[in-house]
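Architecture and fold: a report
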Amino acid sequence: MTTTTNVRVRFAPSPTGYFHVGGARTALYNWLVARQANGSFLLRIEDTDRERSDDQWTDGIVNALSWLGITWDEGLFHQSERHELYNDAVARLVANGHAYACDCPRDAIDERTKTRQTPGYDGFCRDRNLEPGAGKALRFRVPDLGVTTVHDLVRGDVDFANETIEDFVIVKSNGDPLYVLAVVVDDVDMGITHIIRAEEHLPTTPKAVLIWQALSDTPLPAFAHLPVLVNEKRQKLSKRRDRVAVEDYRNLGYLPEAMINYLCLLGWAPNDGRELLAIGEMISEFRLEEVNKSPAFFDEKRLNHFNGLYIRALTTDEFVERAMPFVSRDDVPWNKDKFDLQRFITLAPLIQERITTLGEIPNYIKFLFADPFDIDTAVFEKAMLKDSSSLEILRAARSAFSEATFDPESLKKILITIGEQFDRKLAKTQAPIRVATMGSPVGLPLFESLAILGRARVLARLDHSIMIAEKTR
RNA sequence: GGCCCCAUCGUCUAGAGGCCUAGGACACCACCCUCUCAAGGUGGAGGCACGGGUUCGAAUCCCGUUGGGGCUACCA
């Protein structure tokens, strides 16, 4: 296990917005490849565009990856701190004729393009031998003939005719390197062997190949372009359009291991039908060559399913521990110092099998810790006033509970007996009691809840509802 | 417009020429279980985009059509 290989991968997000699940999936696949090969996973922040980059987004990326358990072996690298490297590479490119200065304004290029059949830059400055410097951009001289082939592990060979690739800009006129240049310089410098990224980068990959070959004799890395993740309209997930920030899922109460499992299956599946995969299984079984080519819809419903399974697989102790941040938040629907850990623990197993996200917990235990306790009028009316015997049941229960042993079994027997008096099944008998004591027609099992609530509060709540019902009828 | 990618149930997928009467999972529906709601169990409906080839045989290979998507900045 201590043998290391030379496999080196990198995850290179740009800090220009919330870190979304598509990026997380890309990071995961990179990480799996690194772990499987016992190689290295590097994290590099692509912040060459200073205006769009912001440290807060970098923090978000770092936090999200940490939460997911995707650890990096080298980094964080910031492209913004590596300008010397880029300048050096640019100087070499200019010196050996691969790059040239260009002072064409955009509108001039567009004007000339109108009269041409091929779109893009027309190579106007190619042989003008402009002296590179301030106010002039640098363009890469793309061969007029031939084909640049991208060998892609998931898509096979993809050919691009060089004549369809324009002489693209690699350095802005203000001297800043462009992404396409910085990426290659860094990948060469860091000895990256596998470039695993989203499919949207495929069209610019021949440019990267050309730069790589102009800059280095080292063999090209293997490429793997992953299918993009799409929304319900089958458009690429976007930070602006779609609310899919990893951070949001964390706050909603998704488990990182469920998220990882779901993400892993978005574009890849093991040979047999297994869907619940441990990290170790993903690491040993994942194959880039088996990654699907078509876009995948990020389906929250399916994520929910996985999250529910993972929550239910927790031991009670683990569950309680995971739940703590969600029952101690400021926005919890009860006075924070009313919270009682022991009582929560007692109910925990019952909650655990009912929820799909940890964020749902407060609503389940609100009845226990919220005092004063009030009931939604619509709910109350439906449960208490639509049925004439509801009030009678409340009274009967009030009377019987005042002397009962307060354990679930005893309480249940009492209610069954009361139900018989009214010729009702238990399902019907429990309804008004539930609303009166728990505030909702749905929720945790009633008798366990009553027992934990305790006689005093149960009686008080019954009295309260009886009073309201009497007044209203 | 140009370049490129993609195409199995609504969704995620299994399927690498006969094992396919196309399998699983989510979602959906029904039933069972049941103090509510869930969870769980059982069952059901639902798909190879279309057209040509190749082949004894095609979801699987080839071509085309259609449809979807990505890129097309001195963004990343």
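Numbers given for residues are sequential positions, taken from 1 along each chain in its written order. Numbering of ligands from 1 and lettering of chains from A proceed in the order in which they are written. The model is predicted, so local features are restricted to residues of pLDDT at least 70 and side-chain atom pairs to those at 80 or more, both for listing and for counting; the totals for chains, interfaces and linings are taken over all residues. Derived side-chain values reflect all non-hydrogen atoms in the structure, with water molecules and hydrogen atoms excluded from consideration.

**Brief notes about the overall build of chain A**
As a reminder of what qualifies: Helix numbering and strand numbering both begin at the N terminus, where a helix is a DSSP run of H or I of at least 4 residues and a strand a DSSP run of E of at least 2. When we talk radius of gyration, it's over C-alpha atoms, and the globule rule is simply 2.2 Å times the number of residues to the 0.38. Between buried and exposed lies partly exposed: a residue is buried under 20% and exposed over 50% of the maximum accessible area for its type, with that area taken using a 1.4 Å probe on protein chains only. We call two residues in contact when some of their heavy atoms are within 4.5 Å.
In terms of regular secondary structure, chain A is built from 19 helices and 12 strands. For 473 residues, the compact-globule formula gives about 23 Å, and the C-alpha radius of gyration of chain A, at 31 Å, lies well above that figure. When each of the 473 residues of chain A is scored for burial, the buried share is 48%. For chain A, contacts bridging at least 24 residues in sequence account for 75% of all contacts bridging at least 6.

**Some points on the protein's contact with RNA strand B**
To be explicit about the condition: Any residue with a non-hydrogen atom lying within 4 Å of a molecule or strand is treated as near it. Here a polar contact means two N or O atoms within 3.5 Å. Within protein one must be a hydrogen donor candidate and the other an acceptor candidate, and residues neighboring in sequence count only if both atoms are side-chain atoms.
Residues in contact with RNA strand B amount to 61 residues; listed here are only the nearest, T48, D49, R155, S173 and R354. When the atoms of RNA strand B within 4 Å of the protein are sorted by group, sugar and phosphate make up 73%. The separation between a phosphate oxygen of RNA strand B and a polar side-chain atom of T48 is 2.5 Å. Take K236: an N or O atom from its side chain is 2.6 Å from a phosphate oxygen of RNA strand B.

**Digging into unusual backbone geometry**
Cis geometry is found at the peptide bond from G75 to L76, where omega equals -5 degrees. Along the chain, L76 falls in strand β3 (residues 74–78). Even without a glycine there, the phi angle at N38 is positive, about 60 degrees. With respect to the helices, strands and loops of the structure, N38 is situated in the loop between α1 (21–37) and β2 (40–45). One non-glycine residue, R234, adopts positive backbone phi at about 65 degrees.

**Observations concerning the pairing of β2**
To be explicit about the condition: Here a strand pair is declared whenever DSSP counts at least two bridges between the two strands. For crossovers, right-handed means that the path from the first strand over the helix to the second runs clockwise, given strands pointing away from the viewer.
Summarising burial for β2: 6 of the 6 residues are buried, a large majority. Burial along β2 is two-sided: S40, L42 and R44 facing one way and F41, L43 and I45 facing the other are all buried. In terms of strand pairing, strand β1 (residues 8–11) meets β2 through 4 bridges, oriented parallel. Within β2, the position partnered with V9 by the bridge is F41. What joins β1 to β2 is α1, and the crossover it makes is right-handed.

**Digging into the pattern of salt bridges**
Selection criterion: Within this document, salt bridges are pairs made up of a side-chain nitrogen of Lys or Arg and a carboxyl oxygen of Asp or Glu, the two lying within 4 Å of each other.
Evaluated as defined, the whole model comprises 32 salt bridges. A salt bridge links R461 to D371; its shortest N-O distance comes to 3.7 Å. Separated by 90 residues along the polypeptide, R461 in helix α19 (residues 455–472) and D371 in the loop between α13 (361–369) and α14 (377–385) bring together distant segments of the chain. Here the residues in one salt-bridge network are R10, R44, E46, R82, D186, D187 and D189, joined through shared partners.

**With respect to the confidence of the model for chain A**
Inclusion rule: Each residue carries a pLDDT score, the predictor's confidence in it, ranging from 0 to 100.
Averaged over every residue, the pLDDT of chain A is 92; the share at 70 or more is 99%. Two numbers describe this predicted complex: its pTM, 0.94, and its ipTM, 0.95.

**So, the nonpolar core**
Test applied: Put simply, a nonpolar core is a bunch of buried Ala, Val, Leu, Ile, Met, Phe, Trp, Tyr and Cys residues held in one set by side-chain atoms that sit within 4.5 Å of each other.
Counting residues in hydrophobic clusters, the biggest one holds 108 residues, and the most contacted among them are V21, F298, I361, F401 and I433. Element by element, the count of residues in this core is highest for α1, at 10 residues. Beyond its immediate chain neighbours, meaning those up to four positions away, V21 contacts L229, L237, V244, V246, Y249, M259, L263 and F298. By size, the runner-up hydrophobic cluster in this structure holds 40 residues, among which are Y100, I109, I170 and V171.

**Describing the packing of helix α3 (residues 83–95) against helix α5 (residues 179–189)**
Formally: Geometry is summarised by axes, namely lines fitted to C-alpha atoms with helices restricted to the contacting stretch, and by angles between N-to-C directions that run from 0 to 180 degrees. For classification, angles of less than 35 degrees are called roughly parallel, those exceeding 145 degrees roughly antiparallel, those between 65 and 115 degrees roughly perpendicular, and all remaining angles oblique. Only Asp, Glu, Lys and Arg are considered charged, only Ala, Val, Leu, Ile, Met, Phe, Trp, Tyr, Cys and Pro nonpolar, and every remaining residue, Gly among them, polar.
α5 packs onto α3 with a crossing angle of 100 degrees between their chain directions and a minimal axis gap of 10 Å. By the angle between their axes, α3 is roughly perpendicular relative to α5. Touching L85, Y86, A89, V90 and L93 of α3 are L181, A182, V185, D186 and D189, all from α5. Here the contact of α3 with α5 is built from residues that sort into 8 nonpolar, no polar and 2 charged.

**Details of the sheet that holds strand β5 (residues 137–140)**
Reading across the sheet, the 3 strands line up as β4-β5-β8 and stay open at both edges, with antiparallel pairing between neighbours. What marks the edges here is a single partner per strand, and that holds for β4 (99–102) and β8 (169–171). On average, each strand axis in the sheet is tilted by 45 degrees relative to the strand beside it, whichever way the strands run. The pairing of β5 with β8 spans 2 bridges and is classified as antiparallel. Within β8, the position partnered with L138 by the bridge is V171.

**Some words on the packing of helix α16 (residues 408–421) against helix α17 (residues 426–438)**
At a minimum axis separation of 9 Å, α16 and α17 run at an interaxial angle of 110 degrees. As summarised for this structure, α16 and α17 are arranged roughly perpendicular, according to the angle between their axes. Across from K412, L415, I416, I418 and G419 in α16, the residues of α17 making contact are L426, T429, Q430 and I433. Here the residues of the contact of α16 with α17 sort into 5 nonpolar, 3 polar and 1 charged.

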